[in-house]
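Each chain is listed here by its residues.
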Amino acid sequence: MNVLFVCLGNICRSPMAHGILRKLFTERGIQGSVDSAGFESYHINDPPDDRAIETAEAHGIDIRDKRARLFSVKDFDRFDRIYVMDGNNHNDVMYFARNEKDKAKVDYLMNILHPGRNLPVPDPYYRDIGACEEVFKLMEQACERIAHQATVK
Ligand code: 4NP
């Protein structure tokens, strides 16, 4: 299963989710690619935010190799599932969907844990490092569920 995570800057939330699921796929021998992207051009080609790197590292996950990139319409062809962090990301991704098949690939990451509620993974960028830890834990639970689903299918 090929999975893309999308947030705004592609330097905090989605790179952490990307790192978490990549590690789970590797550890469990799950076939598929994992990536992340954003919609804010300001950070293109930047590594993840220091707070995201530090938070992931504290959980044994190295995300320093990630470089921020923009979402592309081609991502609908490359990925089976596209998980967004909040309503803005959802609007942005859906705007580029070409057909119903594209749209069906998109969902809120938190819907994995709370189906149909469209809850956000809050943006930690303007908060302290504790916010990164909070969102890491939320995303870790969701990624665990994604990896489990990928194993049983
Ligand atoms: P992210 O956080 O979407 O979780 O990567 C943000 C990073 C940068 C900005 C906003 C959110 N920004 O406006 O530059």
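Residues numbered from 1 in each chain as written. Predicted model: local features only at pLDDT ≥ 70, side-chain atom pairs only at ≥ 80, totals over all residues. Heavy atoms only, no water.

Novice: Before we move on, could you go through the nonpolar core and cite the residues and values that matter?
Specialist: Within the largest apolar cluster, 32 residues are counted, with the highest numbers of intra-cluster contacts made by Phe5, Met16, Leu21, Met85, Leu109 and Met139. At the level of elements, β1 (3-6), α1 (13-28), α2 (50-58) and α6 (129-152) are the ones that each hand at least two residues to this core. Per element, the largest residue contribution to this core is nine residues, and it comes from α6. Within the second largest apolar cluster, twelve residues are counted, among which are Val6, Val93, Ala97 and Tyr108. (Core = buried A, V, L, I, M, F, W, Y, C linked by side-chain atoms within 4.5 Å. Buried < 20%, exposed > 50% of the residue type's maximum accessible area, 1.4 Å probe, protein only. Helix = DSSP H or I, 4+ residues; strand = E, 2+ residues; numbered from the N terminus.)

Novice: Would you mind going over the packing of aromatic side chains in detail, with residue names and values included?
Specialist: For the structure shown, the criterion picks out seven aromatic pairs. Measuring from centroid to centroid gives 5.4 Å for phenylalanine 39 and phenylalanine 71, while their planes differ by 25 degrees, and the two rings are stacked. With phenylalanine 39 in the loop between β2 (34-37) and α2 and phenylalanine 71 in the loop between α2 and α3 (75-78), this residue pair connects regions lying 32 residues apart in the sequence. A relative accessible area of 21% places phenylalanine 39 in the partly exposed class. Given a relative accessible area of 9%, phenylalanine 71 falls into the buried group. Here tyrosine 95 and phenylalanine 96 contribute two aromatic rings whose centre-to-centre distance is 5.3 Å and whose plane-to-plane angle is 85 degrees, an arrangement assigned as edge-to-face. Aromatic ring contacts, followed pair by pair, group Phe39, Phe71, Phe76, Tyr95 and Phe96 into a single cluster. (Phe/Tyr/Trp six-rings, centres within 6.5 Å; stacked < 30°, edge-to-face > 60°.)

Novice: Explain the site of the ligand to me, using residue names and the numbers behind them.
Specialist: Lining the immediate surroundings of the ligand are Cys7, Leu8, Gly9, Asn10, Ile11, Cys12, Arg13, His43, Asp123, Tyr125 and Tyr126. Histidine 43 places a side-chain nitrogen or oxygen 3.0 Å from an oxygen atom of the ligand. When the free accessible area of the ligand is taken as 360 Å², the share hidden by the protein chains comes to 93%. Split by residue class, the shell around the ligand holds six nonpolar, three polar and two charged. (Near = heavy atom within 4 Å. Polar contact = N/O pair within 3.5 Å; in protein donor to acceptor, adjacent residues only side chain to side chain. Areas by Shrake-Rupley, 256 points an atom, 1.4 Å probe, with all protein chains shown as cover. Nonpolar A, V, L, I, M, F, W, Y, C, P; charged D, E, K, R; others polar.)

Novice: Help me get a handle on the sheet that holds strand β3 (residues 81-84), residues and values and all.
Specialist: Within a sheet, neighbouring strands are paired by backbone hydrogen bonds and run either parallel or antiparallel to one another. Spatially, β2-β1-β3-β4 is the arrangement adopted by the four strands of the open sheet, whose pairing is parallel. Because the sheet does not close on itself, it has two edges, and the strands there are β2 and β4 (106-108). Between one strand axis and the next, the sheet turns through 25 degrees on average, direction left out of account. Sheet analysis places β3 next to β4, joined by three bridges and oriented parallel. Counted as the bridge partner of tyrosine 83 is aspartate 107 from β4. Taken strand by strand, α1 contacts β1 and β2, and its axis lies near 180 degrees from that of β2. (Pairing = 2+ DSSP bridges. Axes fitted to C-alpha atoms, helices over the stretch in contact; angles between N-to-C directions. Contact = heavy atoms within 4.5 Å.)

Novice: Break down the environment of alanine 17 for me, with residues and values.
Specialist: Among the secondary structure elements, alanine 17 is positioned in helix α1. Residues alanine 17 and tyrosine 83, spaced 66 residues apart in sequence, show a C-alpha to C-alpha distance of 9.7 Å. Beyond its immediate stretch of four places on either side in the chain, alanine 17 contacts Phe5, Met85, Met139 and Cys143.

Geometric descriptors of this kind do not, in isolation, establish any biological role.
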